[in-house]
Amino acid sequence: AQLVESGGGLVQPGGSLRLSCATSGFTFSIFDMRWHRQAPGKGRELVAGISSAGGSTNYADSVKGRFTISRDNAKNTVYLQMNSLKPEDTAVYYCNAGRVVGKYEYDYWGQGTQVTVSS
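Calculation notes
Residues numbered from 1 in each chain as written. Predicted model: local features only at pLDDT ≥ 70, side-chain atom pairs only at ≥ 80, totals over all residues. Heavy atoms only, no water. Helix = DSSP H or I, 4+ residues; strand = E, 2+ residues; numbered from the N terminus. Rg over C-alpha atoms; globule rule 2.2 N^0.38 Å. Buried < 20%, exposed > 50% of the residue type's maximum accessible area, 1.4 Å probe, protein only. Contact = heavy atoms within 4.5 Å. Areas by Shrake-Rupley, 256 points an atom, 1.4 Å probe, with all protein chains shown as cover. Lys, Arg positive; Asp, Glu negative; His and termini not counted. Charge placed at Lys NZ, Arg CZ, Asp CG, Glu CD.

(A) Just the overall build of the protein, in detail. Scanning the protein for helices and strands turns up 0 helices and 11 strands. Its helices and strands taken in sequence order, the protein reads β-β-β-β-β-β-β-β-β-β-β from the N to the C terminus. At 14 Å, the protein has a C-alpha radius of gyration in line with the 14 Å of a compact globule built from 119 residues. With the C-alpha coordinates of the protein rotated into their principal frame, the extents come out at 45 × 30 × 25 Å. Out of the 119 residues in the protein, the part that is buried amounts to 39%. Put simply, of all contacts in the protein between residues at least 6 apart along the chain, 53% involve residues at least 24 apart. Accessible surface, the protein: about 6,300 Å² in total, of which carbon and sulfur atoms supply 46%. In the protein, the 12 positive side-chain charges and the 9 negative ones have mean positions that sit 2 Å from each other.

Shown next, in the form of structure tokens:
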């Protein structure tokens, strides 16, 4: 499985970025997808998740109302639209694909993309 994040960069507070995660090597449409982040000196945090068919989403309280997760199963890609960015959103953002089938757990990760919010 391969997951490749893109779209990170440097943005001023209040600005927006759209992250993309292009995937291959597994059946994207049957996996739940998530975005996590890790800020310097902190643990990894779940930011947002979306179910395999896209009908259900969930967000960390810190990003609710500002971030939107979406997916395009035809393109095997998941997105994270980030608006009203704050300096505390600075982190490496990771894409994650997960699926549990009985006692088997499938868990794939990308390499991450840096998001820096600073003036």
